[in-house]
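# Topology and contacts: notes
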Amino acid sequence: MENKSIKILLAAPRGFCAGVDRAIEIVKKSIQKYGSPVYVRHEIVHNKHVVESLKKIGAIFVEELDEIKDKSRPVIFSAHGVPKSVPLEASNLNMTYVDATCPLVSKVHREAENINKQGKHILLIGHKNHPEVIGTMGQLPSGSIDLIESTDDAFKYENKSTKNLAYITQTTLSVDDTKDIIEILKSKFPDIYEPKKEDICYATTNRQEAVKKIASQCEMFFVIGSRNSSNSVRLVEVAKKNGSKHAELIHSESIIPLEKIKKCKIIGISSGASAPEVLVKDFINELKKQFTIEIEEVEITKENITFKIPGKLN
Ligand code: SF4
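Residues numbered from 1 in each chain as written. Predicted model: local features only at pLDDT ≥ 70, side-chain atom pairs only at ≥ 80, totals over all residues. Heavy atoms only, no water.

### Thoughts on the overall build of the protein chain
Put simply, the test is: Here a helix means four or more residues in a row that DSSP labels H or I, a strand means two or more in a row labelled E, and each is numbered from the N terminus. A simple rule labels every residue: compare its accessible area, found with a 1.4 Å probe on the protein chains alone, to the largest value its type can have, and call it buried under 20%, exposed over 50%, or partly exposed in between. Any two residues whose heavy atoms approach within 4.5 Å are treated as being in contact. For the accessible areas, the method is Shrake-Rupley and the probe is 1.4 Å, while residue cover comes only from the protein chains on display.
Broken down by element type, the protein chain carries eleven helices and twelve strands. Taken over the C-alpha atoms alone, the protein chain extends approximately 65 × 55 × 30 Å along its principal axes. Residues classed as buried in the protein chain amount to 52% of the 314 residues present. Relative to all contacts within the protein chain whose residues are 6 or more apart in sequence, the contacts with residues 24 or more apart total 77%. For the protein chain, the accessible area works out to roughly 15000 Å², and carbon and sulfur atoms hold 49% of it.

### Re the site of the ligand
The criterion, for reference: For each residue, the test is whether any non-hydrogen atom lies within 4 Å of the molecule or strand; if one does, the residue is near. Polar here means any residue other than Ala, Val, Leu, Ile, Met, Phe, Trp, Tyr, Cys and Pro, which are nonpolar, and Asp, Glu, Lys and Arg, which are charged; Gly is therefore polar.
Taken together, Cys17, Gly19, Cys102, Leu104, Val105, Thr171, Thr172, Cys201, Tyr202 and Ala273 form the complete shell of residues around the ligand. For the shell around the ligand, a count of residues per class yields seven nonpolar, three polar and no charged.

### Let's talk about the domain arrangement of the protein chain
Put simply, the test is: Note that the domain bounds were set by an automatic or database domain assignment. Note: buried area is the sum, over both parts, of the accessible area (probe 1.4 Å) each one loses when the two are combined. Whenever a carboxyl oxygen of Asp or Glu lies within 4 Å of a side-chain nitrogen of Lys or Arg, that contact is scored as a salt bridge. Counting of polar contacts relies on pairs of N or O atoms within 3.5 Å, with two restrictions inside protein: one atom must be capable of donating a hydrogen and the other of accepting it, and residues adjacent in sequence are counted only when both atoms are side-chain atoms.
Examined at the domain level, the protein chain breaks down into domain 1 (5-16 + 202-299), domain 2 (18-99) and domain 3 (103-200). Here the C-alpha centroids of domain 1 and domain 3 sit 30 Å apart. Across the contact, eleven residues belong to domain 1 and twelve residues belong to domain 3. Summed over both partners, the interface of domain 1 with domain 3 buries about 890 Å², with 44% contributed by carbon and sulfur atoms. Counting the surface domain 1 buries against domain 3, the share from its top three residues, Thr204, Ser230 and Arg234, is 39%. The salt bridge partner of Lys212 is Asp176, with a shortest N-O separation of 2.9 Å. Connecting domain 1 to domain 3 are seven residue pairs in polar contact (both at pLDDT 80 or more). Counting residues per element, the ones that place at least two in the side of domain 1 that touches domain 3 are α8 (202-215) and α9 (230-241). Within the side of domain 1 that touches domain 3, the residues separate by chemical class into one nonpolar, six polar and four charged.

### With respect to the sheet that holds strand β3 (residues 59-62)
Rules: A pair of strands is treated as paired once DSSP finds two or more bridges between them. Every axis corresponds to a line fitted to the C-alpha atoms, with the helix fit spanning only the stretch in contact, and the corresponding angles, defined between N-to-C directions, vary from 0 to 180 degrees.
An order of β3-β2-β4-β5 is seen for the four strands of this open sheet, with the pairing classed as parallel. The strands lining the two open edges of the sheet, one partner per strand, are β3 and β5 (97-99). Pairwise comparison of adjacent strand axes, ignoring direction, gives a mean angle of 25 degrees for this sheet. Relative to strand β4 (residues 75-77), strand β2 (residues 38-41) is paired through three bridges, and the arrangement is parallel.

### What to know about the packing of aromatic side chains
The condition that has to hold: Any Phe, Tyr or Trp ring, taking Trp's six-membered ring, that has another such ring centre within 6.5 Å forms a pair; planes under 30 degrees apart are called stacked, those over 60 apart edge-to-face, and the others tilted. Should the NZ of a Lys or the CZ of an Arg lie within 6 Å of a ring centre and within 35 degrees of the ring normal, that charge is described as sitting over the ring.
All told, the structure shown has three aromatic pairs when counted by the stated rule. Considering the side-chain rings of Phe222 and Phe283, the 5.3 Å spacing of their centres and the 50 degrees angle between planes classify their relative orientation as tilted. Taken together, the residues Phe222 in strand β9 (residues 220-224) and Phe283 in helix α11 (residues 277-290) connect sequence positions 61 residues apart. When sorted by exposure, Phe222 lands in the same class as Phe283, which is buried. Over the aromatic face of Tyr193 sits the side chain of Lys120, whose NZ or CZ is 5.1 Å from the ring centroid. Lys312 extends its terminal NZ or CZ atom over the ring of Tyr97, reaching a point 5.7 Å from the ring centre.

### Some details on the environment of Asp99
Along the chain, Asp99 falls in strand β5. Exposure remark for Asp99: the relative accessible area of 34% places this residue in the partly exposed category. Each C-alpha atom of the pair Asp99 and Leu123 lies 25 Å from the other, and the pair is 24 residues apart in sequence. Only 2.5 Å separates the side chain of Asp99 from the side chain of Thr101, close enough to count as a polar contact.

### Side note on the nonpolar core
The line we're drawing: Each nonpolar core is a collection of buried residues, namely Ala, Val, Leu, Ile, Met, Phe, Trp, Tyr and Cys, held together in the definition by side-chain atoms within 4.5 Å.
With 27 residues, the main nonpolar core has Val27, Ile44, Leu54 and Ile76 as its most contacted residues. Secondary-structure elements contributing two or more residues to this core are α1 (18-34), β2, α2 (48-56), β3 and α8. Counting only domains with at least three residues in this core, you end up with domain 1 (5-16 + 202-299) and domain 2 (18-99). Excluding anything up to four places from it in sequence, Ile44 contacts Ala23, Val27, Val50, Leu54, Phe61, Ile76, Phe77, Ser78, Ala79, His80 and Ala100. Residues Ile250, Val280, Ile284 and Leu287 belong to the second largest nonpolar core, which totals 17 residues.

### Details of α2
Helical periodicity: at 3.6 residues per turn, an α-helix aligns residues three or four positions apart in one direction. So the rule is basically this: Directions pointing from the helix axis toward each C-beta atom define the arc.
Considered for burial, the residues of α2 that qualify are Val50, Val51 and Leu54. Buried residues of α2, seen end-on, are gathered within an arc of 95 degrees and therefore sit on one face of the element. Summarising the contacts, the buried residues of α2 are in contact with α1 and β3. Sitting at the amino-terminal end of α2 is Asn47, which places a side-chain oxygen 3.0 Å from the backbone nitrogen of His49. One or two steps after α2, the chain reaches Gly58, where phi turns positive at roughly 120 degrees.

Set out below in structure tokens:
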């Protein structure tokens, strides 16, 4: 392949958020405190590289508590949050557990409980079967929350309860798509109760804004992240919607489309909140083997948020 020049616009902020940093730290500190193995219910964050590196130091990943053979070992709940039934089950089994739910997801859980106490019926805007959605719906008795996945769902929704409505959202949605859904809900149900501060988290918002800023200049856009990472998949959509001719996810099994990249002058790169920066570096290093690369980082804001880990691990 000829050594052609390609400019990379590197979106910033990208990659790890405070909730992911904290969740990974919780697994590491738990192994230090309790020894190995430590069980983790569900992928701690949606990234294969992270999961594999934690397996190497003594984490065992399961989907449900009943898969854990040695119940004397501690279990960690993933950053996405869990239904109330999960810590209850762990307590009933006399298991030690550490909750790595991101504090911004826990905020939505508390919000759901408070709204429910006020006697309102809740609409959760989110993606069916995503663990965060399962966790949030599981904060309240079945039937207390209806899921709205799309503008179509919002148009069709009928309030069959006798209660006033309120909405909450998943933390990792597309900011723009969610706005559209909320507008429809507000026009159909003008009295619908809104969260005081929006539920889509700072990290999701910043990563989408950073991609938006550069997408229209990029012939191709690459988002480093796993297929089951909601915020990574949203970044691909945001890049496409905002003018990149082509956008795709680069995950653990991706083959880098070098022949297509060869035809570009400018490409964009970002990474989801669960993707470590080393994967971005690896991707760029692969490109450097084929092309002369110029990198311009375009930073829209600085992030300085950190979350404390649970006191019992100190
Ligand atoms: S993406 Fe947002 S909600 Fe999810 S772990 Fe990161 S900070 Fe928390």
